Amino acid sequence: MQKLRDLPIEGVAERLGLRVSRHKCLCPFHADNHPSLSFKVSKNTFRCFVCGESGGTIDLVMKYLRKDFLDACRWLSESWGQVHDSLTRQQNHATCPIDSPPKPFDASKYERFFERPWLNGEARKFLFEERRLDARVVRWCRLTSWKDKQQVPWLQIPYYDREGKLVGVQNRNLVKGAIPRFRFPQGSECSIYNLPVLNMLKPGDELFITEGCSDCWAMLSAGHKAIAIPSATLLSRKDKEQLSILNSQLSITFHMFPDRDEPGERLFLQLREVLPSLVHHQLPQDCKDFSDYYLKLKIVHCPLSIVN
Ligand SMILES: [Zn+2]
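Here is a short report on the structure shown in this document. Just so it is clear, the structure is predicted and the values come from calculations on it, not from any experiment. (Residues numbered from 1 in each chain as written. Predicted model: local features only at pLDDT ≥ 70, side-chain atom pairs only at ≥ 80, totals over all residues. Heavy atoms only, no water.)

Time to look at the overall build of the chain. Within the chain, the regular secondary structure consists of 12 helices and 12 strands. For the chain, with 308 residues in total, the buried portion stands at 48%. The long-range share in the chain, meaning contacts at least 24 apart out of those at least 6 apart in sequence, stands at 56%. Carbon and sulfur atoms form 52% of the exposed surface of the chain, whose accessible area is close to 15900 Å². (Helix = DSSP H or I, 4+ residues; strand = E, 2+ residues; numbered from the N terminus. Buried < 20%, exposed > 50% of the residue type's maximum accessible area, 1.4 Å probe, protein only. Contact = heavy atoms within 4.5 Å. Areas by Shrake-Rupley, 256 points an atom, 1.4 Å probe, with all protein chains shown as cover.)

And the structure:
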């Protein structure tokens with residue numbers, strides 16, 4: 001339980017889909033236009049100075065996802081596969097549901113969904129009309145979709161390791177502004193995205209690193225090879241080691257268009273610690289991230305909308 005309380009609160013907020021910048025974010029508990037919820041990293045807590053909501057990691061999940069205490073603990077441990085592993089290895093005494101041995105990710109339950117990907121209307125609208133992604137990229141990433149019992153449409157995003165083994169699944173809610181925005185099946189390891197692309201790299205190639213898989217799809221659609229990192233706060237030591245190994249194994253150059261905000265620059269600096277030659281590319285002033293930039297380029301070069 002203490003391990004769940006000790007998960008980095010800003011990382012938990014990001015997993016919930018909140019955008020953290022300079023230890024603040026828009027408060028999801030009242031109609032907020034200016035970030036009034038702040039995080040105290042030293043105490044691992046949050047507090048909104050307008051509506052007064054406050055607490056730790058478990059409280060944040062309970063309040064945001066409207067879950068009871070045990071369900072919030074379960075959500076935290078499930079969406080934190082790697083942490084959960086070390087948590088249960090250390091605590092062998094099963095006294096509470098979350099302390100019971102973690103079920104590892106069961107790839108056999110999900111593999112078949114990605115063998116014949118199927119995109120429902122909501123997914124097609126999101127990928128091809130709103131994001132204007134290249135259909136070849138969507139096929140390469142094996143994106144698929146489904147609807148839950150409440151008929152909520154979800155985009156299902158598979159995470160593979162370098163050998164092409166399915167290691168995790170991320171579900172993205174296709175209803176705008178819906179809560180929760182993401183769901184991860186038990187034990188999913190969703191850290192570095194699109195690792196199979198590494199097998200296609202030739203010496204001298206450029207590899208772009210993006211923040212999150214949707215920027216990665218935009219980068220791939222723009223004709224670049226790319227992998228994605230979840231975010232600065234969710235970047236684990238294991239991910240950093242993996243990147244450092246790539247740097248020594250492959251004779252390629254690493255590139256990045258950091259998001260035009262403080263977390264984006266923070267991620268760039270963190271990555272440069274393991275990839276000293278990482279090249280910084282600046283997004284134009286009116287583009288907050290690469291997807292935004294990609295869309296603007298797309299509209300300039302292809303003024304006749306394919307939407308209509
Ligand atoms: Zn508030």
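Let's pick the thread back up.
Okay, the coordination of the zinc ion next. Taken together, Cys27 (SG), His30 (ND1), Cys48 (SG) and Cys51 (SG) make up the full set of protein donors to the zinc ion, lying 2.0 to 2.3 Å away. Because the angles between the four donor atoms bound to the zinc ion fall within 102 to 115 degrees, the donor set is best described as tetrahedral. Within one chain, the residues serving as donors to the zinc ion are arranged as C-x2-H-x17-C-x2-C. Here His30 is found in the loop between β1 (24-25) and β2 (37-40), whereas its partner Cys48 is found in strand β3 (residues 45-48), with 18 residues between them in sequence. (Donors = N, O, S within 2.8 Å, 3.2 Å for Na, K, Ca; no water. Tetrahedral: all angles 85-135°; square planar, octahedral: opposite > 155°, others 65-115°.)

Here we come to the pairing of strand β9 (residues 206-211). Of all six residues in β9, five are buried, a share of seventy percent or more. Here β9 pairs with strand β11 (residues 253-256) via three bridges, running parallel. By the bridge assignment for β11, Leu207 is matched with Phe254. Sheet topology places β9 next to strand β10 (residues 225-229); five bridges connect them, and they run parallel. Bridging across to β10, Thr210 finds its partner in Ala228. The β-α-β motif built from β9, the intervening helix α9 (residues 213-221) and the parallel element β10 has right-handed crossover chirality. (Pairing = 2+ DSSP bridges. Right-handed = clockwise from strand over helix to strand, strands pointing away.)

Across the interface, helix α3 (residues 57-65) lies against helix α4 (residues 69-78) with an axial gap of 9 Å and an inter-helix angle of 105 degrees. With respect to α4, the axis of α3 lies roughly perpendicular. Residues Thr57, Ile58, Val61, Met62 and Leu65 of α3 pack against Phe69, Ala72, Cys73, Trp75 and Leu76 of α4. For the contact of α3 with α4, the residue count by class is nine nonpolar, one polar and no charged. (Axes fitted to C-alpha atoms, helices over the stretch in contact; angles between N-to-C directions. Parallel < 35°, antiparallel > 145°, perpendicular 65-115°, else oblique. Nonpolar A, V, L, I, M, F, W, Y, C, P; charged D, E, K, R; others polar.)

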